[in-house]
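Understanding the architecture of this molecule
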Amino acid sequence: MTSGLWELVLKGIWVTVQLLVLSGLVATAVAFGVGMARTHRLWIVRFLAGVYTEVFRGTSALIMIFWVFFVLPVAFGWQLVPLWAGTLALGLTYGAYGAEIVRGALNSVDPAQREGGIALSFTPWQRMRLILLPQAVPEMIPSFTNLLVELLKGTALVSVMGMGDLAFSANLVRLALQESAEIYTYVLLIYFVIAFLLTRGMRGLERRLKAGVGKEAGRTPDQELHRPETTGVGAAGSLGGLGAGGASS
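Throughout what follows, the structure given in this document is the object of discussion. (Residues numbered from 1 in each chain as written. Predicted model: local features only at pLDDT ≥ 70, side-chain atom pairs only at ≥ 80, totals over all residues. Heavy atoms only, no water.)

With that settled, the discussion passes to the overall build of the protein chain. Looking only at helices and strands, one finds 10 helices and zero strands in the protein chain. Reading the secondary structure of the protein chain in the N-to-C direction produces α-α-α-α-α-α-α-α-α-α. The buried share among the 249 residues of the protein chain stands at 35%. Restricting to contacts in the protein chain with at least 6 residues of sequence separation, those with at least 24 account for 69%. Per element, the accessible surface of the protein chain, about 14000 Å² overall, is 67% carbon and sulfur. (Helix = DSSP H or I, 4+ residues; strand = E, 2+ residues; numbered from the N terminus. Buried < 20%, exposed > 50% of the residue type's maximum accessible area, 1.4 Å probe, protein only. Contact = heavy atoms within 4.5 Å. Areas by Shrake-Rupley, 256 points an atom, 1.4 Å probe, with all protein chains shown as cover.)

Next up, the structure:
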């Protein structure tokens with residue numbers, strides 16, 4: 001390929017990365033907001049959050065992009081540029097999937113932890129911020145990683161708006177060179193590299209978050225129960241220390 005065509009591909013990569021980051025931020029905000037609302041004590045809040053989740057999970061991301069870009073201007077009289085239209089459509093759609101990840105992780109926290117917060121007279125927000133989220137967020141990371149990879153692949157849908165993302169730029173290069181196999185092989189590799197870097201980054205984030213709550217990334221709950229410091233000598237030592245403390249008091 002000529003330098004001009006490579007420049008077109010590089011611009012497409014940059015647009016795809018921008019769209020991934022922006023729509024990922026929107027999806028994360030939506031996921032946490034709606035996911036926490038689905039565990040709210042008021043039924044009306046849970047109901048509205050559930051309606052949002054079902055609507056956006058049950059509609060096509062491609063049709064949502066069409067709706068935001070083509071129908072929204074007719075209905076409300078204002079037009080979003082393709083980047084923001086794609087960001088909004090993808091963020092709202094994938095945020096609905098993320099909301100179920102958040103809800104499931106929050107519900108997986110031991111009920112005794114909630115009861116402990118109630119016993120300490122914590123407000124619902126304090127229980128969420130100080131007890132539930134620190135334990136639930138590390139468990140969300142693997143599922144969120146998969147969701148972000150799916151979002152990366154979903155960014156190719158914005159090419160229907162004529163947006164110069166990687167998929168759209170690759171198609172222009174294909175038309176210029178009349179060569180499909182080589183171009184689309186390059187595109188597959190580029191998407192793979194971006195996804196690989198994304199998963200590596202999320203894996204590092206998972207390790208840091210789990211270290212913060214005394215867990216190890218990649219371990220199952222059963223493995224966590226059989227860590228050396230929770231069984232055998234470690235456990236005996238801890239109990240012995242408690243006993244000694246109790247005796248001395």
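A word on the packing of aromatic side chains. All chains considered together, the criterion is met by eight aromatic pairs. Ring centres of Trp43 and Phe47 lie 6.3 Å apart, and the angle between their planes is 55 degrees; on these two criteria the pair is classed as tilted. With Trp43 and Phe47 both in helix H2 (residues 43-57) and four residues apart, the pair spans about one turn of that helix. Residue class for Trp43 comes out exposed when judged on its relative accessible area of 59%. In this structure Phe47 comes out as partly exposed when scored by relative accessible area, which is 47%. Relative to Phe56, the ring of Tyr52 has its centre 4.5 Å away and its plane inclined at 35 degrees; by these criteria the two rings are tilted. Highlighted residues: Tyr52 and Phe56, both in helix H2, separated by four residues, approximately one helical turn. (Phe/Tyr/Trp six-rings, centres within 6.5 Å; stacked < 30°, edge-to-face > 60°.)

Their axes nearest at 9 Å, the elements helix H3 (residues 61-76) and helix H4 (residues 82-107) cross at an angle of 135 degrees. By the angle between their axes, H3 is oblique relative to H4. In terms of crossing hand, the pair formed by H3 and H4 is right-handed. Contacts between H3 and H4 pair Ala61, Met64, Ile65, Val68 and Phe69 from the former with Pro82, Ala85, Leu88, Ala89, Leu90 and Thr93 from the latter. (Axes fitted to C-alpha atoms, helices over the stretch in contact; angles between N-to-C directions. Parallel < 35°, antiparallel > 145°, perpendicular 65-115°, else oblique. Left-handed = near helix turned anticlockwise from the far one by under 90°.)

As a further point, take empty space enclosed by the protein. Counted according to the given criterion, the structure contains two cavities of 30 Å³ or more. Considered as a void within the structure, the second largest cavity measures approximately 40 Å³ in volume. Looking at the lining of the second largest cavity, the elements that each hand over two or more residues are helix H1 (3-37) and helix H6 (124-154). Grouping the constituent residues of the lining of the second largest cavity by class yields six nonpolar, two polar and no charged. (1 Å grid on protein atoms, 1.4 Å probe; cavity = no way out; pocket = protein on both sides within 12 Å on 5 of 7 lines; lining within 4 Å. Points joined across faces, edges and corners; volume = space filled by probe spheres on them. Nonpolar A, V, L, I, M, F, W, Y, C, P; charged D, E, K, R; others polar.)

To continue, consider the layout of surface pockets. Put simply, the second largest pocket is a space of about 280 Å³. Along its surface, the second largest pocket is lined by Met36, Thr39, His40, Arg41, Arg114, Ile118, Pro124, Trp125, Arg127, Met128 and Leu132. Of all the secondary structure elements, the ones that give two or more residues to the lining of the second largest pocket are helix H5 (111-119) and H6. Broken down by element, the lining of the second largest pocket gets its largest block of residues, five residues, from H6. Classifying every residue of the lining of the second largest pocket by side-chain character gives six nonpolar, two polar and three charged.

The next thing to look at is H3. At Phe70, H3 shows its largest kink, close to 35 degrees, and the proline Pro73 lies no more than four residues downstream. Along H3, the residues that are buried comprise Ala61, Met64, Ile65, Val68, Phe69, Leu72 and Pro73. Structurally, H3 contributes buried residues whose contacts are with H2 and H4. Two to three positions downstream of the cap, the backbone nitrogen of Leu62 sits 3.2 Å from a side-chain oxygen, assigning the N-cap of H3 to Ser60. Phi for Gly77, located one or two positions after H3, is positive at around 80 degrees. (Bend = angle between axes of the 7 residues up to and from the residue. Polar contact = N/O pair within 3.5 Å; in protein donor to acceptor, adjacent residues only side chain to side chain.)

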